[in-house]
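Examination of the molecular architecture
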Amino acid sequence: MNAVVMAGLAFPIAASLDRHVMDPEGSFLGPTWVRLPLLLLMAVAIDLIPRALWYGRAKPAAWGPIIRERLKSHWTKQRVILVFLGIICFYTVYVCYRNLKSFLPYIIETKYDHELHLIDRAIFFGHEPGTVLQQIFGTDIFVWPLSYIYLWFMPLVPIAVAIWLVWSRTLTYGYWFVTSQCIAWTLGTASYYALPTLGPGIAYPYVYSTLAHTPTTDLMNSLVNARHNVIIDGIAGVQSVAGFASLHCGITLLIALMVQYTIRHRVFRILAWVNFGLTVCATLYFGWHYVADDVAGICLALVSFYVGGVVSGHKFGRKGQVKREAALDARATETSA
């Protein structure tokens, strides 16, 4: 449903602006009609090949039976449908999200950076959040791990989608994760239009001028240049500057919540929550977002997580337990048997 809604918005808006819906990563990763089948094949290969090598050891003759057994027990019709629909729906929503984000400057010129900046300074008693964090963590050494934490978000999203679609033992967990993801990206798009901003790093660059040059610096510069090329020079492309809400915070929180509720291993839970916490710090430290952006991102993650869970057949108990609907639970058990 989210994919239909996003496509139903992206294409008419593009037509009204005399623009085209573009594949944001098409020039680097290839067109979507090539990338999606490759992602599906890679998901299957990543599941089958390491398993065959591990259990078959150095006996190639054993690889075939191991692969056939895995295909029979895990890659059922229901699993293939989940992976196929999950990848198609997620990337449809994501491509439309990137394009709707790119169309924003042509539709709304007003920016609310000044207002959100004043809120930031009020929360920090007249100080800049970025400056406060820079005084705590410094501007040379800790800047590097925070930079990579922030950039880790880019591969994390497709990796997380693949993990829940391919390896979740309970099929409804895969539907839960993808549904929540699609809802989060859709709500994030709506928030850009509700409160357009550039972000503190672009609106107030002097606050972050003392930071050491890192790959995060290059990323921000590339986004500013792409925005200029698209809006000022009229070069065909996708501009990706919009601050409210922070989907870095929203999506990393959503992943942490999914890990907390669907994965038993404590180490993964700790890593997911640490990643979320450091991501929040990084958004303020580098000037990607205002405090309000992060709060809004957290709120949309909570809404997406809950609604996605309910839609995919889960019930939340008073103490935070998650229970599956009996019918869906039975179907998932039959599928994995």
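One can find the structure itself at the top, above this paragraph.
Scoring rules and cut-offs
- Residues numbered from 1 in each chain as written.
- Predicted model: local features only at pLDDT ≥ 70, side-chain atom pairs only at ≥ 80, totals over all residues.
- Heavy atoms only, no water.
- Helix = DSSP H or I, 4+ residues; strand = E, 2+ residues; numbered from the N terminus.
- Buried < 20%, exposed > 50% of the residue type's maximum accessible area, 1.4 Å probe, protein only.
- Contact = heavy atoms within 4.5 Å.
- Areas by Shrake-Rupley, 256 points an atom, 1.4 Å probe, with all protein chains shown as cover.
- Phe/Tyr/Trp six-rings, centres within 6.5 Å; stacked < 30°, edge-to-face > 60°.
- Core = buried A, V, L, I, M, F, W, Y, C linked by side-chain atoms within 4.5 Å.
- Axes fitted to C-alpha atoms, helices over the stretch in contact; angles between N-to-C directions.
- Parallel < 35°, antiparallel > 145°, perpendicular 65-115°, else oblique.
- Nonpolar A, V, L, I, M, F, W, Y, C, P; charged D, E, K, R; others polar.
- Lys, Arg positive; Asp, Glu negative; His and termini not counted.
- Salt bridge = Lys/Arg side-chain N within 4 Å of Asp/Glu carboxyl O.
- Polar contact = N/O pair within 3.5 Å; in protein donor to acceptor, adjacent residues only side chain to side chain.
- Left-handed = near helix turned anticlockwise from the far one by under 90°.
- Expected span 1.5 Å × (residues − 1).

Observations regarding the overall build of the protein chain
- Across its full length, the protein chain carries 16 helices and two strands.
- Burial statistics for the protein chain: of 337 residues in total, 45% are counted as buried.
- Sequence-distant contacts, at least 24 apart, represent 79% of the contacts inside the protein chain between residues at least 6 apart.
- Element-wise, carbon and sulfur atoms account for 68% of the exposed surface of the protein chain, whose accessible area totals about 17200 Å².

Points about the packing of aromatic side chains
- One pass over the structure, following the stated rule, counts 18 aromatic pairs.
- The interplanar angle of 40° and the centroid separation of 5.9 Å between the aromatic rings of Tyr-97 and Tyr-192 together place this pair among those described as tilted. In this pair, Tyr-97 sits in helix α5 (residues 77-107) while Tyr-192 sits in helix α10 (residues 171-194), placing the two residues 95 residues apart along the sequence.
- For Tyr-97, a relative accessible area of 4% corresponds to the buried category.
- Through pairs of rings, three or more aromatic residues link up here, namely Phe-90, Tyr-91, Tyr-94, Tyr-97, Phe-153, Trp-185 and Tyr-192.

With respect to the nonpolar core
- Membership of the largest hydrophobic core comes to 75 residues, with the highest contact counts inside it found for Trp-164, Trp-185, Ile-251, Ile-255 and Phe-286.
- A total of twelve residues in this core trace back to one element, the largest contributor, which is α5.
- Apart from the residues within four sequence positions on either side, Ile-251 is in contact with Phe-153, Val-157, Gln-181, Ala-184 and Trp-185.

Re the packing of helix α8 (residues 143-151) against helix α12 (residues 215-231)
- Packing of α8 against α12 brings their axes to within 8 Å, and their N-to-C directions diverge by 50°. Of the possible angle classes, the one that applies to α8 and α12 is oblique. Contact with α8, carried on its side by Trp-144, Ser-147, Tyr-148, Tyr-150 and Leu-151, involves Pro-215, Thr-216 and Leu-219 of α12 and no other residues of that element.
- Across the contact of α8 with α12, the residue classes break down as six nonpolar, two polar and no charged.

So, the environment of Ser-102
- Locating Ser-102 in the fold gives a position in helix α5.
- Residues Ser-102 and Pro-24 lie 78 residues apart in sequence; the distance between their C-alpha atoms is 9.9 Å.
- Other than its neighbours up to four places away in sequence, Ser-102 contacts Gly-237, Val-238 and Gln-239.

As for the side chain of Asp-120
- Of note, Asp-120 is situated in helix α6 (residues 113-123).
- Notably, Asp-120 is buried but unbridged: the nearest opposite-charge side chain belongs to Arg-121, and the N-O separation is 9.3 Å.

As for the side chain of Gln-239
- By secondary structure assignment, the location of Gln-239 is in the loop between α12 and α13 (247-262).
- In this structure Gln-239 comes out as buried when scored by relative accessible area, which is 0%.
- Within the structure, Gln-239 has its side chain in polar contact with the backbone oxygen of Lys-101 (distance 3.1 Å).
- Here Val-241 takes part through its backbone nitrogen, which lies 3.0 Å from a polar atom of the side chain of Gln-239.

Looking at the packing of α10 against helix α15 (residues 291-311)
- For the pair α10 and α15, interaxial distance at closest approach is 8 Å and the crossing angle is 140°. When the interaxial angle is binned, α10 and α15 end up oblique. Handedness of the α10/α15 crossing: right-handed. Of α15, the residues touching α10 (which contributes Trp-176, Thr-179, Ser-180, Ile-183, Ala-184, Leu-187 and Gly-188) are Leu-300, Val-303, Ser-304, Phe-305, Val-307, Gly-308, Gly-309 and Val-311.
- A per-class count over the contact of α10 with α15 returns nine nonpolar, six polar and no charged.

Examining helix α14 (residues 266-285)
- Here α14 is 20 residues long and its end C-alpha atoms lie 28 Å apart, about the 28 Å a rise of 1.5 Å per residue gives.
- Every buried residue belonging to α14 is among Ala-272, Asn-275, Phe-276, Thr-279, Ala-282, Thr-283, Leu-284 and Tyr-285, and all of these are buried.
- Count one or two residues on from α14 and you reach Gly-287, which has phi positive near 85°.

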